[in-house]
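Fold and contact review
Each chain, written out:
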Amino acid sequence: MTTPPASSSPAAHRDWRATAAACTTVLLWASAFVSIRSAGEAYSPGALALGRLLAGSLALGALLLVRREGLPSRAAWPGIIWSGLLWFGLYMVVLNWGEQQVDAGTAAMVVNIGPLLIALLGARILGEALPGRLLAGMAVSFAGAAVVGLSMSGDGGASVLGVLLCLLAAVAYATGVVRQKPALRHGSALQITTFGCLVGTVACLPFSGALISDAADAPLSATLNMVYLGLFPTALAFTTWAYALARTTAGRMGATTYAVPALVVLMSWLVLDEVPAPLTVGGGLLCLAGVAVSRMRPHTGLTRKNPARPVEGRRHDAEHPETERR
């Protein structure tokens, strides 16, 4: 009796789709830094966050109606509210504000403690494992992000307020992700993302006056960049993130975002004609290497010589909680 190829199994198909969703998220989030740079020159932090969330909420709400998915179950709402307030709301405002106080390199270094916090909070709150490959990969990626940040930092001193704001953004991001994870057991990725975005939009409504005032004076390019941020890095990328997060651990998903600094360097080179320094390129390669290490899986499954692998099986279930629910 021959064993069918792993690629033909349902789990393999789920893995392929989750990987594609994670890659989509990382690519779009990297592109967001280029758009934020343009829109942030014309819009204040709160106004930019609200405009982005409004565009994202409209797109997600329309898609939800077309797909007729309706409301998620009651058990999903605590996670939706927490992620909406912390990640969609607080994170976007304080990150926009922090990046106006410090240079991009310093902001990148501080915010990139977020994935480390996700892994630690995931272990503490969700009971997720912290395998050696994940920790080693995150350490390599964080070193790469620090190198990228140092190479891009300006000559002036960093604002204490700016550093604190970026630190708050990292904490809000990490906590929002960990709170979102349990909600995905009780609703689809589209439902959790749509209503999380709506919660964030409501939380940012006090910036409505600033948005109207800034929009009246902003150039069309800045407004289009704000709309782009809402449609793609928010509506699409947060949905693909939630889809992938439901199929792996929060720690591994957080580690995947360390590819963002490397992609930002590449996009700035291609789109903005900003030629990266050799040190920046080296840091970007370290980020990608760390992501590759953190995404590596131990050899699992049945073999003829060792037909029973209960320890590995339990590890696989921990990384793919949806198999336990079936």
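Residues numbered from 1 in each chain as written. Predicted model: local features only at pLDDT ≥ 70, side-chain atom pairs only at ≥ 80, totals over all residues. Heavy atoms only, no water.

Digging into the overall build of the protein chain
- Looking only at helices and strands, one finds 15 helices and zero strands in the protein chain.
- The 326 residues of the protein chain split such that 46% are buried.
- A sequence separation of at least 24 residues applies to 89% of the contacts in the protein chain between residues at least 6 apart.
- For the protein chain, the computed accessible surface area is about 15600 Å², with 68% contributed by carbon and sulfur atoms. (Helix = DSSP H or I, 4+ residues; strand = E, 2+ residues; numbered from the N terminus. Buried < 20%, exposed > 50% of the residue type's maximum accessible area, 1.4 Å probe, protein only. Contact = heavy atoms within 4.5 Å. Areas by Shrake-Rupley, 256 points an atom, 1.4 Å probe, with all protein chains shown as cover.)

Focus: a nonpolar patch on the surface
- Taken together, the side chains of Val160, Leu164, Leu167 and Val171 present a nonpolar region at the surface, about 350 Å² in accessible area.
- Among the residues examined, valine 160 registers a relative accessible area of 61% and is labelled exposed. (Patch = residues over 30% accessible without salt bridge, like charges linked within 9 Å, V, L, I, M, F, W, Y side chains within 5 Å. Salt bridge = Lys/Arg side-chain N within 4 Å of Asp/Glu carboxyl O.)

Considerations on unusual backbone geometry
- Despite not being glycine, arginine 68 shows a phi value in the positive range, around 55°.
- Mapped onto the fold, arginine 68 is located in the loop between helix H2 (45-67) and helix H3 (77-101).

Description of the environment of aspartate 217
- Tracing the backbone shows aspartate 217 in helix H9 (residues 208-217).
- For the pair aspartate 217 and tyrosine 43, spaced 174 residues apart in sequence, the C-alpha to C-alpha distance is 9.2 Å.

Examining the nonpolar core
- Formed by 74 residues in total, the largest nonpolar core has its most connected members in Tyr43, Trp87, Tyr91, Val177 and Trp241.
- Aside from chain neighbours lying at most four places away, what touches tryptophan 241 is Thr25, Trp29, Trp87, Tyr173, Val177, Gln180, Met253, Gly254 and Thr257. (Core = buried A, V, L, I, M, F, W, Y, C linked by side-chain atoms within 4.5 Å.)

Regarding the side chain of serine 35
- By the element assignment, serine 35 lies in helix H1 (residues 10-39).
- A residue is classified by how much of its surface remains accessible, and serine 35, at 5% relative accessible area, is buried.
- Of note is the side chain of serine 35, whose polar atom sits 3.1 Å from the side chain of asparagine 225.
- The residues touching serine 35, leaving out its near neighbours within four places in the chain, are Asn225, Tyr228 and Leu229. (Polar contact = N/O pair within 3.5 Å; in protein donor to acceptor, adjacent residues only side chain to side chain.)

Examining the packing of H2 against H3
- For the pair H2 and H3, the least separation of the axes is 8 Å and the interaxial angle reads 140°. Of the possible angle classes, the one that applies to H2 and H3 is oblique. Considering the relative orientation of H2 and H3, their crossing is right-handed. For the pair formed by H2 and H3, the contact residues are Pro45, Gly46, Leu48, Ala49, Arg52 and Leu53 on the first element and Phe88, Met92, Val93, Asn96, Trp97 and Gln100 on the second.
- Here the contact of H2 with H3 is composed, by residue class, of eight nonpolar, three polar and one charged. (Axes fitted to C-alpha atoms, helices over the stretch in contact; angles between N-to-C directions. Parallel < 35°, antiparallel > 145°, perpendicular 65-115°, else oblique. Left-handed = near helix turned anticlockwise from the far one by under 90°. Nonpolar A, V, L, I, M, F, W, Y, C, P; charged D, E, K, R; others polar.)

Digging into the pattern of salt bridges
- The full count for this structure, using the stated rule, is one salt bridge.
- Among the salt bridges present, the one from glutamate 69 reaches arginine 67, with a minimum N-O distance of 2.8 Å.
- The partly exposed category is assigned to glutamate 69, whose relative accessible area is 21%.

Observations concerning the packing of aromatic side chains
- By the definition in use, this model includes 11 aromatic pairs.
- Relative to tyrosine 173, the ring of tyrosine 91 lies with its centre 5.8 Å away and its plane at 40°, an arrangement referred to as tilted. On the criterion of sequence distance, the pair formed by tyrosine 91 in helix H3 and tyrosine 173 in helix H7 (residues 160-183) is long-range, its members being 82 residues apart.
- Every member of this aromatic cluster is reached through a ring pair, and the members are Trp29, Trp87, Phe88, Tyr91, Tyr173, Phe238 and Trp241.
- Geometry around tryptophan 82 places arginine 179 over its ring, the cationic atom sitting 5.7 Å from the centre.
- Lying over the aromatic face of tyrosine 243, arginine 247 brings its terminal NZ or CZ to 3.8 Å of the ring centre. (Phe/Tyr/Trp six-rings, centres within 6.5 Å; stacked < 30°, edge-to-face > 60°. Lys NZ or Arg CZ within 6 Å of the ring centre and 35° of its normal.)

Focus: helix H10 (residues 220-245)
- For H10, with 26 residues, the first-to-last C-alpha span of 35 Å sits near the 38 Å given by 1.5 Å per residue.
- Its axis deflected by about 30° at alanine 237, H10 carries its strongest bend there. (Expected span 1.5 Å × (residues − 1). Bend = angle between axes of the 7 residues up to and from the residue.)

A short note on the state of the cysteines
- For the structure shown, the criterion picks out zero disulfides.
- Lacking any disulfide linkage, cysteine 197 is separated from the closest cysteine sulfur, that of cysteine 204, by 9.6 Å. (Disulfide = S-S within 2.5 Å.)

Overview of the confidence of the model for the protein chain
- Predicted confidence across the protein chain gives a mean pLDDT of 80, with 78% of residues reaching 70 or more.
- Segment residues 1-8 is flagged for pLDDT under 50; beyond a separation of four residues in sequence, or across chains, it makes four contacts in the model.
- Considering only residues more than four positions removed or in separate chains, one finds that residues 301-326, a stretch of pLDDT under 50, has 33 contacts. (pLDDT = per-residue confidence, 0-100.)

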